[in-house]
Amino acid sequence: MIAIAGWLLPALLTITAPAPVAAAAGGYVGAERCGACHPDELAAWRGSHHDLAMAEATSETVLGDFDDGELTAHGVTTRFHVAGDQFRVTTDGPDGAPTDYRIAYTFGWAPLQQYLIRFPDGRLQALGIAWDARPGAVGGQRWFHLYPDQADYDHEHPLHWTGRDQTWNYQCAECHSTGLRKGYDTDTDSYETRWAEIDVACEACHGPGAAHLSQAQAAATGDRDAWRKHKGLVVDLAHRDGATWLIDADTGLPRREPRRSSHAEVNACARCHARRGLINGDYTPDRPLADTHRLALLGEGLYHADGQIQDEVFVHGSFIQSRMFHRGVTCSDCHDPHSLELRAPGNSVCARCHAPARYDTSAHHHHPMSKGLRAKGSGTACVDCHMPEHSYMIIDARADHSLRIPRPDLSVALGTPNACTDCHADQTPAWAAGQVETWYGRPRRPAHYGIALHAGRTATPKAAAALADLARDALVPAIARATAVDLLAEQPEPIDAGLLDDLAESDSPLLRAAAARALERLPPDAALRIGLRLLKDPRRLVRIDTAHALAAFVRLEASISGRASPLRRALAPALAEYREAQRSSAERPESWLNLGLLDTLLGEAGAAEASYRKALALEPGFSPAAVNLADLYRARGRDDEGRAVLRQGLAQAPDDADLLHALGLLEIRAKRLPVAVDLLGRAAALAQVQPRYAYVHALAQEAAGDLPGAITTLAAAAERHANDRDIALALVSLSAKAGDRAAVVTWAERFLARFPDPGGQVSALLARLRGAAE
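Residues numbered from 1 in each chain as written. Predicted model: local features only at pLDDT ≥ 70, side-chain atom pairs only at ≥ 80, totals over all residues. Heavy atoms only, no water.

**Quick word on the environment of Asp 409**
Piece 1. Mapped onto the elements of the fold, Asp 409 is located in helix H16 (residues 408-414).
Piece 2. Here the alpha-carbon distance between Asp 409 and Asp 165, two residues 244 residues apart in the chain, equals 38 Å.
Piece 3. Those residues within four positions of Asp 409 in sequence are excluded, and the remaining contacts are Ala 433 and Arg 445. (Helix = DSSP H or I, 4+ residues; strand = E, 2+ residues; numbered from the N terminus. Contact = heavy atoms within 4.5 Å.)

So, in structure tokens, the structure goes:
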């Protein structure tokens, strides 16, 4: 089950179901034929309800109350009912009017079930109301809204069920069906989606089985040489190194012998159990993740600064932070991939490697012991402390798979959550940190990577140095180091080319790709020296990120040499892959925005304009496309057209801060200062998390003659963004212009306490003022 969110779409009608691909298409043979030789696995799969991950809506598959069941949410009463053999729902459609729809498919089984409604253009839309499939005793057996707390939720809200982000074909299908062909048509903005099997079946993980079946049939007739490498399977998930897990006599900790050399299983699982984006729409399950998808790093809003889960990130990004992953643990060490059950119940699954005499005791966890199975929430279950759960989609509890030691001390320093006060909600992180120190002492350990990532997120003066050190630290998980590189590229300080040179040689594609993205921050000679090497990287993710970063140098090279750019020719194969990656999600306005930005870098203004226009055709309220199109017009002396684009965007979204800011800048260029000040002020008020908006608003106020207002704006912004150097320096400068000596001293002292002063101008000014005062 995945969380989905949405935009707007045309009216709904009923069409016939998309035809599944013929059984043998693409080499798929189907779960039933697999089960002929593997009956136990087939039975376990059926018992897990994987075969009901998606299914046609029938009396056997529908769990919800369609006996005139009702739910009123956000002012809309939705009714679920049956008409003949059809399950139907009456609810608000894309225009807000009550409309009756047929349920085409069920989606999911436990702990909730969603329902898909067919659109005339081949889309399947996920209803925003779901059925709570849990027992009634724990609050289940009810209808509930997936977005109960959203303000102003109606048919125009981005999360409304009829929207583009709620489209199954894009959001869900790849991981909930087998052998999927999305079949999106760019010209008509429609789908003809097909699949080998409607649900998650054997070949979703093992790959197409035709060759395996053929070899098995030949072997059954006595052909001893029929079996080929991996027995004809596309994905070889077998552990063929004869490994065992041993307990180290000195440490009491488990270790794998020999060390794992293949991550095929984790790679196969990660493709769906990860927050990621598609970069190659035509792949087989054996391909490395970095050839097919872009894994989300530890970005703000997705993960807390210390790497704990925050938004719905689907396990893999957490698991690869864990010590267990780096010691060779795979998903199937704990989970049966067919039944989806744990290998053993409760703490027993951990005890397969971690000696109970050492860990399943009060001496270890300092909570009262209970007999039998350790209950979750008692403090005696391993997962209570090491895999705390968070609920998504209201009722779907997901465990953090980074398998970390609770760190309430980090909660004190960074404001991150911790397992201790998750349970002891009436206590503070400081209390929990004190308890942990009382029990275990104060261990000597290196600084946690969350400290540097938090510094980067908040742009502290020493963030760049801390992030560079983190990026170099080979003992830290690659996903944290790659996140550090991305944050480092956002800091104002120059980036050390030597650091990116070293990271370009890393074994981790996450680090090589991060180095590639940061190349645009280097001088051209250094960027090209590193980037031309990365263009030959074996992983598509690295190649396309390199091509995008180096595209910024194409026009520079051509302007210097006065001839066609050799760099453009060198980039051509990787740029083609980049374009293909964007077109693999061509139904998304973000993809066309990215193509427009690329063509802008390459100096292809006509192609860039067409891509921005395509993004706006898909989503008229998509402000990033409007802002960049207006900026393209600015660069070509067409500000009047840019003004029209921005005003059209504001007609769709009157309170969009980005559109208001962009229009304010345009009006400054047009020398309409009063209008500009108003627009920029509205943008700054709506987006107070953006320090730049307040800064630009203040400069516009000062230019318009309102120096006191500018200082007031900057002072308020400085309280919110104490680490913003431009705001701090502007307060010194404008206070001096206002002749307010006391304010200049105050702001100059604050500036020097927090920021470097390489030219010594602020220091000199402060010295003069102090000298004059004496």
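**A word on the packing of aromatic side chains**
Piece 1. All told, the structure shown has 16 aromatic pairs when counted by the stated rule.
Piece 2. Taking the centre distance of 6.2 Å and the plane angle of 85° together, the rings of Trp 439 and Tyr 440 count as edge-to-face.
Piece 3. Residue Trp 439 is classed as partly exposed on the basis of its relative accessible area of 32%.
Piece 4. In this structure an aromatic cluster arises from ring pairing among Phe 66, Phe 80, Phe 87, Tyr 115, Trp 131 and Trp 143.
Piece 5. It is Lys 231 that lies over the ring of Trp 227; its NZ or CZ is 5.2 Å from the centre.
Piece 6. The aromatic ring of Trp 592 is capped on one face by Lys 614, whose charged end is 6.0 Å from the ring centroid. (Phe/Tyr/Trp six-rings, centres within 6.5 Å; stacked < 30°, edge-to-face > 60°. Buried < 20%, exposed > 50% of the residue type's maximum accessible area, 1.4 Å probe, protein only. Lys NZ or Arg CZ within 6 Å of the ring centre and 35° of its normal.)

**Quick notes on the state of the cysteines**
Piece 1. The final tally for this structure, using the stated rule, is 1 disulfide.
Piece 2. Two residues, Cys 175 and Cys 272, share a disulfide whose sulfurs are 2.2 Å apart. Judged by the torsion about the S-S bond (-95°), the Cys 175/Cys 272 disulfide is left-handed. Separated by 97 residues along the polypeptide, Cys 175 in helix H4 (residues 173-176) and Cys 272 in the loop between helix H7 (264-270) and strand S14 (276-278) bring together distant segments of the chain. (Disulfide = S-S within 2.5 Å.)

**Side note on the pairing of strand S4 (residues 86-92)**
Piece 1. Of all 7 residues in S4, 5 are buried, a share of seventy percent or more.
Piece 2. When strand S3 (residues 76-83) meets S4, the two strands line up antiparallel, connected through 5 bridges. Following the sheet pairing, Val 82 is matched in S4 by Phe 87.
Piece 3. In this antiparallel pair of consecutive strands, S3 and S4, the connection spans 2 residues, and Gly 84 shows a positive phi of 65°.
Piece 4. As defined by bridge partners, S4 adjoins strand S5 (residues 98-107) across 5 bridges and the pair is classed as antiparallel. Bridging from a neighbouring strand, Thr 91 pairs with Thr 99 of S5. (Pairing = 2+ DSSP bridges.)

Scope: geometric values only; no functional claims are made or implied.
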